[in-house]
Amino acid sequence: MAKKAFAGIALLATAAVAISGCAGGGASDADNTIDGEVKGDIKVVTWRTDLVEDGTFDKYAEAFNEEYPDVNVTFEGITDYAGEMLTRMSTTNYGDVIGIPAIKPDQYEQFLEPLGDTAEFEDTYRFLPAASYDGTQYGIAWGGNANGVVYNKKIFEEAGVTELPTTEGEWLEALQKVKDNTDAIPLYTNYKDGWPLTQSFGNLGVVTDDPDAPITMAEDTAPWTEGTDVYAIDSLLYESVAAGLTEDDPLTTNWEQSKVDLGTGKIAAMTLGSWAISQMQAAAEDNGGSADDIGYMAFPANVDGTQLAVIGGDYNLAVSKHSKAKAAAWAWIQWVVEDSGYTEAQGMISPVIDKPLPDNLAGFEEAGVELMEINPAPAGKEGLINNVADDAQIDLYGPIYRQKLVDIARGAADGDKESYFAELNERWGASVEKLAG
């Protein structure tokens, strides 16, 4: 599976689409509720085709049946999950357990079985807002990711970096040590593939400790101004490139090879979500390195000495409104989230609040990093940051404006950081005022 597809799910904006479909019904037996008897046949429809094909899900089903022997669980993996599920949900046949696709929250009741009041789950689970509407919970995240920097611990040690950076200045000093004392590329941008350049935007909020950062930015007429989140995020990239601390020729970068190179110490660091850790560890082991060499650090910024890391959920698991075995479907969701070992195996953050962070995020705990979730946009402001970005023609969730930032920093395009940020502010500010008016 191309795990990069889920790298930004925390994240800051979800495109919801309106679809027409049949209202609830079809499975209206009074005994068929999530609180009923746990029995029957359920189909789990999933985007994790790899776990269907390699038998992992079958092993989960066997373990589940030890507790719930009267449930028959089958699986269907869909490669184009996001697209095909939207089509299927115009029918009543879209499985019993699904990952909620990009439907609008006000459509949840039409397609999904309510699980209870959101307040009832707040002491148990993380990542609730994305699958909640009007105080009702419709899904539970299957796992979560953090945002930050994946790095090769062995290279940092060889370079003489004894403490992880918590400011831009310390970051540049650390990368300079890597350049001076090792043969590794300090920071690899993956400019050519493009999408890795967008990953750092997932840190929006950690510079200012603002869980409403997307709305704050959407209402700011000059967000590329020192002291803001996006200024710090883009400045870090610019200054790293301008100081000669990235790959020599960004036009020839290669994502697949970069995993091998970071795993084996030819690259020191990449700004990616924590989903990438397991891929780097696997690349290290497959190419003569060690999984133990792969570390993960928070974005180099702090608020009064405390570092923060944005976390967010992957797909939310939900029970179909049309399931004929709703109690069994709900039992599966709770079991797979709490007892299957999925998040531990995948190195993801468990949605269960009381569970520890995965081993690959142990560095966060050691450094005292605090986790933060981004609040959902308030009513009337859903998608506001996307609307401003679209109007300003600044691809916040794409690579184009960041590629230009890299080009300016390396001298391949005219301007400097100040002039480019001023241009971005002018375009952004005009759109903020236009949409506000």
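Rules used in this analysis
Residues numbered from 1 in each chain as written. Predicted model: local features only at pLDDT ≥ 70, side-chain atom pairs only at ≥ 80, totals over all residues. Heavy atoms only, no water. Helix = DSSP H or I, 4+ residues; strand = E, 2+ residues; numbered from the N terminus. Rg over C-alpha atoms; globule rule 2.2 N^0.38 Å. Buried < 20%, exposed > 50% of the residue type's maximum accessible area, 1.4 Å probe, protein only. Contact = heavy atoms within 4.5 Å. Areas by Shrake-Rupley, 256 points an atom, 1.4 Å probe, with all protein chains shown as cover. Lys, Arg positive; Asp, Glu negative; His and termini not counted. Charge placed at Lys NZ, Arg CZ, Asp CG, Glu CD. Pairing = 2+ DSSP bridges. Axes fitted to C-alpha atoms, helices over the stretch in contact; angles between N-to-C directions. Arc of directions from axis to C-beta. Parallel < 35°, antiparallel > 145°, perpendicular 65-115°, else oblique. Left-handed = near helix turned anticlockwise from the far one by under 90°. Nonpolar A, V, L, I, M, F, W, Y, C, P; charged D, E, K, R; others polar.

Chemist: So what about the overall build of the protein chain? Which residues, and what values?
Modeler: When you go through the protein chain residue by residue, the secondary structure sums to 17 helices and 15 strands. The C-alpha radius of gyration computed for the protein chain amounts to 23 Å, which stays within 12% of the reference 22 Å derived for 437 residues, consistent with globular compactness. C-alpha extents for the protein chain along the principal axes are approximately 70 × 60 × 40 Å. Relative to its full complement of 437 residues, the protein chain shows a buried share of 53%. Within the protein chain, contacts between residues separated by at least 24 positions form 76% of all contacts whose residues are at least 6 apart in sequence. Per element, the accessible surface of the protein chain, about 18600 Å² overall, is 44% carbon and sulfur. In the protein chain, which carries 27 positive and 74 negative side-chain charges, the distance between the mean positions of the two groups comes to 6 Å.

Chemist: An account of the sheet that holds strand S13 (residues 308–313) is requested, with residue identities and associated values reported.
Modeler: With mixed pairing, the 3 strands of this open sheet are ordered in space as S8-S13-S15. The two strands at the open ends of the sheet, each matched to only one other strand, are strand S8 (144–146) and strand S15 (370–373). Taken over all neighbouring pairs, the strand axes of this sheet differ in orientation by 35° on average, direction set aside. By the bridge criterion, 3 bridges tie S8 to S13 in an arrangement that is antiparallel.

Chemist: Now, about helix H11 (residues 276–286): what can you tell me, with residues and values included?
Modeler: What H11 keeps buried is the set Ala 276, Ile 277, Gln 279, Met 280, Ala 283 and Ala 284. Projected down its long axis, H11 shows its buried positions confined to an angular sector of 165°, all on one face. In H11, the exposed residues that point more than 90 degrees away from the buried face are Glu 285 and Asp 286. Downstream of H11 by a residue or two, Gly 288 has a phi angle that is positive, lying close to 85°.

Chemist: So what's going on with the sheet that holds strand S6 (residues 136–137)? Which residues, and what values?
Modeler: Sheets are built from strands paired through backbone hydrogen bonds, the pairs being either parallel or antiparallel. Across the sheet, 3 strands lie side by side as S4-S6-S5; this open sheet has antiparallel pairing. Edge positions in the open sheet fall to strand S4 (116–117) and strand S5 (132–133), since each of these has one partner strand only. Looking at chain direction, S5 and S6 are connected through 2 bridges and run antiparallel. In the strand pairing of S6, Tyr 133 is matched with Thr 136.

Chemist: Report on the packing of helix H9 (residues 229–242) against helix H16 (residues 400–409), specifying residues and quantitative values.
Modeler: Put simply, H9 and H16 touch, their axes get as near as 8 Å, and they point 40° apart. The orientation of H9 with respect to H16, classified from their angle, is oblique. For H9 against H16, the interelement crossing comes out right-handed. Mapping the contact onto sequence places Val 230, Asp 234, Leu 237, Tyr 238, Val 241 and Ala 242 in H9 and Tyr 401, Arg 402, Leu 405, Val 406, Ile 408 and Ala 409 in H16. In terms of residue class, the contact of H9 with H16 is built from 10 nonpolar, no polar and 2 charged.

Chemist: Provide a residue-level description of the pairing of strand S11 (residues 267–270), including the pertinent values.
Modeler: Pairing between strand S9 (residues 149–152) and S11: 2 bridges, direction antiparallel. In the strand pairing of S11, Tyr 151 is matched with Ala 269. Strand direction decides the pairing type here: strand S10 (residues 185–187) and S11, joined by 2 bridges, are parallel. Its bridge partner lying in S11, Ile 185 is registered against Ile 267.

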